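Okay, here's what each chain looks like letter by letter:
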Amino acid sequence: MLSTKKHKDDFQEIDLGGNIKVSKKTFAIIAGPCAAESRDQVMRTADRLSEMGVRMFRAGCFKPRTDPYAWQGSGEEGLEWLDEVRKQYGMKIISEVSNYTNVALVEQYSDIIQIGAKAVYDHSVLNYCGKSQKPVLIKRGFGATVSEYLRMTEYILSKGNQNVMLCERGIRSFETSTRFTFDLCGAAVMQDETRLPLILDPSHASGNAKFVPKLALASAAFDCEGLLIEVHSNPEEALCDKDQALDLDEFKKLYERVKLFAEINGRVVV
Ligand code: PEP
Ligand code: MN
């Protein structure tokens, strides 16, 4: 398996250019709203995050919603807003694909392609991303064992793209008091067995903004390569994943504390 330390011992650093690397020496903070909802929302959020020092901006434009009648995202127009963020603030952009037909478009506008917990089961998505030149953040499917997840990842690696980051975002268990169960045990196994960067996502795991700071700090202490956190300029009005979004002030407080844990682990926040 190409993802494993057994195959190759050196860690897969991801060089995003502009002095931003995901590595054993850095701690990546990927922050932004679940979805790009309007130009105003995107620019307002990016402006504040950039001012805080955040360098990696996330927002989905193709949202694979559970409910077919729910809003499905802003599509290419949203990607154009993200491009504006990239140009105006120099932030690196991460955005998700919902199926193989939007891989080329997302690839064109973003610095990292995100494969979500549902799209990760689609082999055409994995194969297209495997042929892409752009780094990929592949989320663990919420029903996939670590072993199954690593084999999904292997589809990308075996097609040629080695710039792949893993992401634990919670799995489904018998526990229903939180949206999903944050599997730090599985994350520890991934880190032990693979040579790929590991990003932890406490936002989707808990589904509850109240618990995100606590879990984010645990994730920073865990000594993974970074965090994915959902932040909204006005969570109450978010069109997607509103219950788990931090507002900008809550995020700022957390960001400062996360930096301390990263430092303890000898990492610089990027
Ligand atoms: C997201 O990152 O907004 C998202 C849809 O996440 P997941 O695929 O983990 O549900
Ligand atoms: Mn989301």
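Residues numbered from 1 in each chain as written. Chains lettered and ligands numbered in written order. Predicted model: local features only at pLDDT ≥ 70, side-chain atom pairs only at ≥ 80, totals over all residues. Heavy atoms only, no water.

A.B. asks: Explanation requested: the overall build of the chain in the structure shown.
C.D. replies: Helix and strand counts for the chain come out as nine helices and 11 strands. For the chain, whose C-alpha radius of gyration is 17 Å, the value lies close to the compact-globule estimate of 18 Å for 270 residues. Over its C-alpha atoms, taken along the principal directions, the chain stretches across nearly 45 × 45 × 40 Å. Going through the 270 residues of the chain one by one, you find that 55% of them count as buried. Restricting to contacts in the chain with at least 6 residues of sequence separation, those with at least 24 account for 69%. Each charge class in the chain can be summarised by its mean position, and for the 35 positive and 38 negative side chains these summaries are 3 Å apart. (Helix = DSSP H or I, 4+ residues; strand = E, 2+ residues; numbered from the N terminus. Rg over C-alpha atoms; globule rule 2.2 N^0.38 Å. Buried < 20%, exposed > 50% of the residue type's maximum accessible area, 1.4 Å probe, protein only. Contact = heavy atoms within 4.5 Å. Lys, Arg positive; Asp, Glu negative; His and termini not counted. Charge placed at Lys NZ, Arg CZ, Asp CG, Glu CD.)

A.B. asks: What should I look at first to understand the coordination of the manganese ion (ligand 2) in this one?
C.D. replies: Expected angles at a metal are 109.5 degrees for tetrahedral coordination by four donors and either 90 or 180 degrees for octahedral coordination by six donors. Here the manganese ion (ligand 2) is held by the protein donor atoms Cys34 (SG), His204 (NE2), Glu230 (OE) and Asp241 (OD), which lie 2.1 to 2.4 Å from it. What makes cysteine 34 buried here is its relative accessible area of 4%. (Donors = N, O, S within 2.8 Å, 3.2 Å for Na, K, Ca; no water.)

A.B. asks: Just checking my understanding: could you explain the site of ligand 1 for this structure?
C.D. replies: Every residue near ligand 1 is listed here: Cys34, Arg58, Lys63, Glu96, Gln114, Gly116, Ala117, Lys139, Arg169, His204 and Glu230. The contact in question runs from an oxygen atom of ligand 1 to an N or O atom on the side chain of arginine 58, over 2.8 Å. Side-chain polar atom of lysine 139 to an oxygen atom of ligand 1: 3.0 Å apart, as the coordinates give it. A molecule is said to occupy a pocket when more than half its atoms come within 2 Å of that pocket's grid points, and by this definition ligand 1 occupies the largest pocket. (Near = heavy atom within 4 Å. Polar contact = N/O pair within 3.5 Å; in protein donor to acceptor, adjacent residues only side chain to side chain. 1 Å grid on protein atoms, 1.4 Å probe; cavity = no way out; pocket = protein on both sides within 12 Å on 5 of 7 lines; lining within 4 Å. Sits in = over half its atoms within 2 Å of the grid points.)

A.B. asks: What am I meant to see in helix 8 (residues 212–222) here?
C.D. replies: The periodicity of an α-helix, 3.6 residues per turn, causes residues three or four places apart in sequence to face the same way. Inspection of helix 8 places Val212, Ala216, Leu217, Ser219 and Ala220 among the buried residues, and these make up the whole buried set. Down the axis of helix 8, the buried set is contained in an arc of 160°. They therefore lie on one face. (Arc of directions from axis to C-beta.)

A.B. asks: I would appreciate a short explanation of the side chain of histidine 204 in the present structure.
C.D. replies: Structurally, histidine 204 can be placed in helix 7 (residues 202–206). Of the polar contacts made by the side chain of histidine 204, one reaches the side chain of glutamate 230; its length is 2.9 Å. Excluding anything up to four places from it in sequence, histidine 204 contacts Arg58, Lys139, Arg169, Arg179, Phe180, Leu228, Glu230, Asp241 and Gln244.

A.B. asks: I'm lost on the layout of surface pockets in this one. Help?
C.D. replies: Empty space among the atoms can be located by rolling a probe the size of a water molecule over them. Here the largest pocket defines a volume of roughly 420 Å³. Within the lining of the largest pocket, the residues separate by chemical class into six nonpolar, four polar and 11 charged. (Points joined across faces, edges and corners; volume = space filled by probe spheres on them. Nonpolar A, V, L, I, M, F, W, Y, C, P; charged D, E, K, R; others polar.)

A.B. asks: Looking at this model, I keep getting lost on the nonpolar core. Mind explaining?
C.D. replies: Among soluble globular proteins, nonpolar side chains are generally buried collectively. Counting 66 residues, the largest nonpolar core has Leu49, Phe57, Ile115, Ile138 and Phe251 as its most contacted members. Those residues in contact with leucine 49 that sit more than four places away from it in its chain are Ala31, Gly32, Val54, Phe57, Met91, Val231, Leu248 and Phe251. Listed in part, the 15 residues of the second largest apolar core include Leu16, Met56, Met165 and Leu228. (Core = buried A, V, L, I, M, F, W, Y, C linked by side-chain atoms within 4.5 Å.)

A.B. asks: Just checking my understanding: could you explain the packing of aromatic side chains for this structure?
C.D. replies: This structure, assessed with the given rule, holds three aromatic pairs. Arranged with centres 5.6 Å apart and planes meeting at 20°, the rings of phenylalanine 251 and tyrosine 255 form a pair that is stacked. Remark: tyrosine 255 and phenylalanine 251 occur in helix 9 (residues 248–264); sequence separation between them is four residues, near one turn of the helix. Under the relative-accessibility criterion, tyrosine 255 is labelled buried at 4%. Against the face of phenylalanine 180 rests arginine 169, its NZ or CZ located 4.2 Å from the ring centre. The aromatic ring of phenylalanine 142 is capped on one face by arginine 172, whose charged end is 5.1 Å from the ring centroid. (Phe/Tyr/Trp six-rings, centres within 6.5 Å; stacked < 30°, edge-to-face > 60°. Lys NZ or Arg CZ within 6 Å of the ring centre and 35° of its normal.)

A.B. asks: I'm lost on the environment of leucine 49 in this one. Help?
C.D. replies: Relative to the helices and strands, leucine 49 resides in helix 1 (residues 39–52). Sequence separation between leucine 49 and aspartate 9 is 40 residues; the distance between their C-alpha atoms is 35 Å.

A.B. asks: Please clarify how the pairing of strand 3 (residues 26–32) should be interpreted in this entry.
C.D. replies: Two faces belong to every sheet, and in a regular strand the side chains alternate between them. With respect to burial, strand 3 is a largely interior element, seven of its seven residues being buried. A two-sided burial pattern is seen for strand 3, the buried positions comprising Thr26, Ala28, Ile30 and Gly32 on one face and Phe27, Ile29 and Ala31 on the other. Both strand 3 and strand 11 (residues 268–269) contribute to a ladder of two bridges, which runs parallel. Bridge pairing in strand 11 places threonine 26 opposite valine 268. Summarising the sheet, strand 3 and strand 10 (residues 226–230) pair through five bridges and their orientation is parallel. Bridging across to strand 10, isoleucine 29 finds its partner in leucine 227. Looking at chain direction, strand 3 and strand 4 (residues 56–58) are connected through two bridges and run parallel. Bridging from a neighbouring strand, alanine 31 pairs with phenylalanine 57 of strand 4. What joins strand 3 to strand 4 is helix 1, and the crossover it makes is right-handed. (Pairing = 2+ DSSP bridges. Right-handed = clockwise from strand over helix to strand, strands pointing away.)

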